[in-house]
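Coordinate analysis (summary)
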Amino acid sequence: GAGVSQTPSNKVTEKGKYVELRCDPISGHTALYWYRQSLGQGPEFLIYFQGTGAADDSGLPNDRFFAVRPEGSVSTLKIQRTERGDSAVYLCASGRGGQETQYFGPGTRLLVL
Amino acid sequence: EDQVTQSPEALRLQEGESSSLNCSYTVSGLRGLFWYRQDPGKGPEFLFTLYSAGEEKEKERLKATLTKKESFLHITAPKPEDSATYLCGGAGSYQLTFGKGTKLSVIP
């Protein structure tokens with residue numbers, strides 16, 4: 001009955017470091033989405049998983065960003081060689097797919113110094 | 001390219017003063033128009049989904065409506081606890097394209 005959970009809630013790292021952000025979707029939801037939200041903006045789509053596979057990764061800004069969902073449940077967003085411009089809130093959402101409602105987690109606030 | 005524009009960017013209302021928030025969209029093959037509420041430091045909280053022009057949905061003091069080009073979120077007799085940022089998102093397929101949101105402040 002729990003909602004989407006994300007860990008860590010906050011992450012501070014230095015420029016050039018590697019970070020992993022984790023998302024636990026609502027049980028039974030096959031669709032999982034990652035979005036990025038900068039201050040004063042709406043969430044921007046990054047990647048969509050249906051089951052274990054990335055159905056659409058067209059929103060990933062460059063090849064430093066990668067996401068996996070190996071068992072069709074938990075997902076990890078990985079950012080290599082972080083840059084200051086990567087600082088944002090990374091939101092995860094899950095749903096039943098298609099045009100069905102997406103339920104968001106609390107987000108991970110990433111700060112790259 | 002899909003686009004969603006929300007207005008106004010910010011709105012201050014006195015408690016009890018009704019108003020409407022606007023969401024204009026250009027989303028190819030719109031399959032759903034979604035409204036979320038976002039409190040500071042929190043993730044978006046789902047409010048409504050509208051699927052076709054003419055559809056209306058209500059929840060407490062909020063009512064969402066949809067036309068072929070716009071959606072409105074009407075707030076009737078708002079209370080201070082309605083203060084939040086309201087996000088509108090259009091789904092052409094599975095991903096949502098969001099507007100920047102309207103920051104609503106309700107003053108006691």
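Refer to the preceding data block for the structure.
To start, this report covers the structure provided alongside it.

Conventions adopted
- Residues numbered from 1 in each chain as written.
- Chains lettered and ligands numbered in written order.
- Predicted model: local features only at pLDDT ≥ 70, side-chain atom pairs only at ≥ 80, totals over all residues.
- Heavy atoms only, no water.
- Pairing = 2+ DSSP bridges.
- Helix = DSSP H or I, 4+ residues; strand = E, 2+ residues; numbered from the N terminus.
- Axes fitted to C-alpha atoms, helices over the stretch in contact; angles between N-to-C directions.
- Polar contact = N/O pair within 3.5 Å; in protein donor to acceptor, adjacent residues only side chain to side chain.
- Contact = heavy atoms within 4.5 Å.
- Disulfide = S-S within 2.5 Å.
- Buried < 20%, exposed > 50% of the residue type's maximum accessible area, 1.4 Å probe, protein only.
- Salt bridge = Lys/Arg side-chain N within 4 Å of Asp/Glu carboxyl O.
- Buried area = accessible area lost by both parts, 1.4 Å probe.
- Nonpolar A, V, L, I, M, F, W, Y, C, P; charged D, E, K, R; others polar.

Quick look at the sheet that holds strand E7 (residues 65–68) of chain A
Residue and element names in this part refer to chain A. One open sheet holds the four strands; their spatial order is E1-E3-E8-E7, and the pairing between them is antiparallel. Edge strands, defined here as strands with exactly one partner in the open sheet, are strand E1 (5–7) and E7. Strand-to-strand twist across the sheet, computed as the mean angle between neighbouring axes with direction ignored, equals 15°. The pairing of E7 with strand E8 (residues 75–79) spans four bridges and is antiparallel. Across the sheet, Phe65 pairs through a bridge with Ile79, a residue of E8.

Some words on the side chain of Gln6 of chain A
All names here are of chain A. In this structure, Gln6 sits in strand E1. A distance of 3.0 Å separates the side chain of Gln6 from the backbone nitrogen of Cys92, its partner in a polar contact. Among the polar contacts listed, one links the side chain of Gln6 to the backbone nitrogen of Gly107, at a separation of 2.9 Å. For Gln6, the residues in contact, after removing those within four places along its chain, are Arg22, Trp34, Tyr90, Leu91, Cys92, Gly105, Pro106, Gly107 and Thr108.

Considerations on the state of the cysteines
All names here are of chain B. This model, assessed by the stated rule, comprises two disulfides over all chains. There is a disulfide in this structure between Cys23 and Cys88, and the S-S distance comes to 1.8 Å. Looking down the S-S bond of the Cys23 and Cys88 bridge, the torsion is -55°, so its handedness is left-handed. Within this pair, whereas Cys23 is found in strand E3 (residues 19–26), its partner Cys88 is found in strand E9 (residues 84–91), the two being separated by 65 residues in sequence. Here Cys23 matches Cys88 in class, with each residue buried.

Some details on the pattern of salt bridges
Scanning the entire structure with this criterion turns up seven salt bridges over all chains. Asp86 of chain A is the salt-bridge partner of Arg64 of chain A, the closest N and O atoms lying 2.8 Å from each other. Of this pair, Arg64 of chain A sits in the loop between strand E6 (53–56) and E7 while Asp86 of chain A sits in the loop between E8 and strand E9 (88–95); the two residues are 22 residues apart in sequence, bridging distant segments of the chain. Between Lys57 of chain B and Glu55 of chain B there is a salt bridge, and its shortest N-O distance comes to 3.7 Å. According to the relative accessible area criterion, Lys57 of chain B is partly exposed, its value standing at 29%. What emerges from the salt-bridge pattern is a single network uniting Arg64, Glu83 and Asp86 of chain A.

Things to note about the interface of chain A and chain B
Taken together, the 23 residues of chain A in the interface contact 19 residues of chain B. Taking both sides of the interface into account, the surface hidden between chain A and chain B amounts to around 1,600 Å²; carbon and sulfur atoms contribute 54%. The interface formed by chain A and chain B holds zero salt bridges in total. Our count for the contact surface shared by chain A and chain B stands at seven residue pairs in polar contact (both at pLDDT 80 or more). Of all the elements, strand E4 (residues 31–37) of chain A adds the most residues to the side of chain A that touches chain B, at three residues. Of the residues belonging to the side of chain A that touches chain B, the class tally is 10 nonpolar, 10 polar and three charged.

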